[in-house]
Amino acid sequence: METEEIINQLFSGISEEVLQKASAIKLLITDVDGVLTDGGIIYDDLGTEYKKYNVKDGLIVQHLRKNRIMVGAITGRSSKVVENRCEELRFDFHYHGVKDKWKKLSEILETLEIALHEVAYIGDDLIDLPILSKVGFSVAPADAMAYVKPQVNYVTLAAGGKGVFREVADLILHSKGKLIPLIENHIVKAKEDE
């Protein structure tokens, strides 16, 4: 199957309104627990915290940034393992232990030349509702709280920790006409390396 056909089939059920909102995005912000992870937290006997991330989510960050889309995280919990992951992926910013995410986003936007309609946010719970109701493109994972999903522009096919961020990033890149060339460039490079 040709790349274009696969991608068009993948995004065939997405409305023009959603594609239009996604095409305006210059900043993608995500919650962490329940989005980048499945929401589970594991502690060992020494109190060390463990989280499981989906590697596919991380792979796309560099491509977003190459396409002038900033990436950030605003999370309600403070966790060194989350800070480490955000640093590893080279997020443009990440804030931890934030109880008023809308206030934090307002502070961030004061320093950037990005309008609210150019911001996408992915969240899954009560704490995310104020920010989800204000950004240009709001997204919730498939397993977000039932009362969060009706408040967003798009509900992913993926559940938290199962590639939610990647699905949204691919959708944004596709809406801008950047995803198919990105894939085809990788295919060409792979063939050249044979």
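The present account deals with the structure reproduced in this document. (Residues numbered from 1 in each chain as written. Predicted model: local features only at pLDDT ≥ 70, side-chain atom pairs only at ≥ 80, totals over all residues. Heavy atoms only, no water.)

### Thoughts on the packing of aromatic side chains
To keep it simple, the criterion reads: Stacked, tilted and edge-to-face are the three classes assigned to paired rings of Phe, Tyr and Trp, where Trp is represented by its six-membered ring and a pair needs centres within 6.5 Å; plane angles under 30 degrees give stacked, over 60 edge-to-face, the rest tilted. Placement of a positive charge over a ring is assigned whenever Lys NZ or Arg CZ falls within 6 Å of the ring centre and within 35 degrees of the normal to the ring plane.
Under the counting rule described, the total for this entry stands at three aromatic pairs. On the basis of an interplanar angle of 40° and a centroid distance of 5.7 Å, the ring pair of F93 and Y95 is categorised as tilted. The ring of W102 carries K134 above its face, with NZ or CZ at 5.0 Å from the centroid.

### Describing the pairing of strand 4 (residues 70–74)
When a strand is regular, its side chains alternate between the sheet's two faces. Counted only if it meets this: For every residue, the accessible area obtained with a 1.4 Å probe (protein chains only) is divided by the maximum for its type, and the residue is called buried under 20%, exposed over 50%, and partly exposed between those limits. Runs of E in the DSSP output that reach at least two residues are strands. Runs of H or I that reach at least four are helices, and both are numbered from the N terminus. Paired strands are those between which DSSP finds at least two bridges.
Summarising burial for strand 4: four of the five residues are buried, a large majority. The sheet contact formed by strand 1 (residues 27–30) and strand 4 spans four bridges and is parallel. Note that in strand 4 the partner of T30 across the bridge is A73. Where strand 4 lies against strand 5 (residues 93–95), three bridges are found, and the strand directions are parallel. Paired with I74 across the two strands is Y95, which belongs to strand 5.

### A closer look at the layout of surface pockets
Gaps left between atoms are located by rolling a probe of water-molecule size over the structure's atoms. Note the cut-off: Here a cavity denotes grid points, spaced 1 Å and computed from the protein atoms alone, that fit a 1.4 Å probe unable to get out, and a pocket denotes an open set having protein on both sides within 12 Å along at least 5 of 7 lines; residues with an atom within 4 Å of a point are the lining. Grid points are joined across faces, edges and corners, and a volume is the space filled by probe spheres set on the points. Polar here means any residue outside two lists: the nonpolar Ala, Val, Leu, Ile, Met, Phe, Trp, Tyr, Cys and Pro, and the charged Asp, Glu, Lys and Arg; Gly therefore counts as polar.
In this model, the largest pocket occupies a volume close to 200 Å³. Lining the largest pocket are 15 residues, with D31, D33, G34, D124 and D125 sitting closest to its centre. Taken together, the residues of the lining of the largest pocket sort by class into two nonpolar, four polar and nine charged. In this structure, the second largest pocket occupies an estimated 170 Å³ of space. Along the walls of the second largest pocket sit L10, F11, I14, N54, K56, Y154, L157, K162, G163, R166, E167 and D170, which together make up its complete lining. At three residues, helix 8 (residues 164–175) tops the list of elements feeding residues into the lining of the second largest pocket. Residues of the lining of the second largest pocket, tallied by class, amount to five nonpolar, two polar and five charged.

### Overview of the nonpolar core
The condition that has to hold: Among buried residues, the Ala, Val, Leu, Ile, Met, Phe, Trp, Tyr and Cys ones that are joined through side-chain atoms within 4.5 Å form a nonpolar core. Contact criterion: two residues are considered in contact whenever any of their non-hydrogen atoms come within 4.5 Å of each other.
L28, L64, F137, F165, L171 and I172 are the most contacted members of the largest nonpolar core, which has 38 residues in total. Those elements giving two or more residues to this core turn out to be helix 2 (16–23), helix 4 (61–66), strand 4, helix 5 (80–88), strand 6 (119–122), strand 7 (137–140), helix 8 and helix 9 (179–192). Here this core gets seven residues from one element, more than from any other, and that element is helix 8. Dropping the residues within four chain positions of it, L28 is found in contact with L64, I69, M70, V71, G72, A120, I122, F165, V168, A169 and I172. Residues L27, V98, Y121 and A144 belong to the second largest nonpolar core, which totals 18 residues.

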